[in-house]
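The primary structure of each chain is shown beneath.
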Amino acid sequence: MSALFNFNSFLTVVLLVICTFTYIKIQFPAILNDRTGFRGFFWKAARIGERLSPWVAFGCLAMGVSTIFF
């Protein structure tokens, strides 16, 4: 089944994208300078990871626990 049709998988993919592009922006800031177009989506994901990091961390923890135990 595709991750688009399974809500838990969709949330996992979204959290992984946010965490991945936040890390990439910290390591290589020049890659995500473009705020428009296709790269703009990744810039926005990195911005969400920077500004909402406690909530993203809680989401990652909750998804990890639900993946392991459920």
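See the structure above.
As the structure is a computational prediction, the values presented were derived from the model and not from experiment.

Visitor: Sorry, what's going on with the pattern of salt bridges here?
Guide: Two side chains carrying opposite charge are able to pair once their charged atoms lie near each other. Enumeration over the complete set of coordinates arrives at 2 salt bridges. Between Lys25 and Glu50 there is a salt bridge, with the nearest N and O atoms lying 3.7 Å from each other. Of this pair, Lys25 sits in helix α1 (residues 7–27) while Glu50 is found in helix α2 (residues 37–51), placing the two residues 25 residues apart along the sequence.

Visitor: Would you take a moment to explain the state of the cysteines for this structure?
Guide: Here is the idea: a disulfide is a covalent bond, and it sits between the sulfur atoms of two cysteines. Across all of its chains, the model carries 0 disulfides by this definition. Of all cysteine sulfurs in the structure, the one in Cys60 sits closest to Cys19, which takes part in no disulfide; the separation is 3.4 Å.

Visitor: So what exactly am I meant to see when it comes to α2 here?
Guide: Look at α2: 21 Å from first C-alpha to last across 15 residues, which is about the 21 Å you get at 1.5 Å a residue. Those residues of α2 that sit buried are Gly40, Phe42, Trp43, Ala45, Ala46 and Gly49. Where α2 is buried, its residues contact α1 and α3 (53–69).

Reading guide: rules and limits
- Along each chain, the written sequence defines residue order, and numbers are assigned to residues from 1.
- Owing to the predicted nature of the model, reporting of local features is limited to residues with pLDDT of at least 70; listing and counting of side-chain atom pairs is limited to 80 or more, with chain, interface and lining totals taken over all residues.
- The side-chain figures draw on all heavy atoms in the structure; neither hydrogens nor water molecules are used.
- Salt bridges are identified by distance alone: a Lys or Arg side-chain nitrogen within 4 Å of an Asp or Glu carboxyl oxygen.
- Secondary structure follows DSSP: runs of H or I at least 4 residues long count as helices, runs of E at least 2 residues long count as strands, and numbering of each begins at the N terminus.
- Note that a disulfide, as used here, is simply two cysteine sulfur atoms within 2.5 Å.
- Every helix has an expected span of 1.5 Å times one less than the residues it contains.
- Type-normalised accessible area, obtained with a 1.4 Å probe on protein chains alone, sets the label of each residue: buried when under 20%, exposed when over 50%, and partly exposed for intermediate values.
- We call two residues in contact when some of their heavy atoms are within 4.5 Å.

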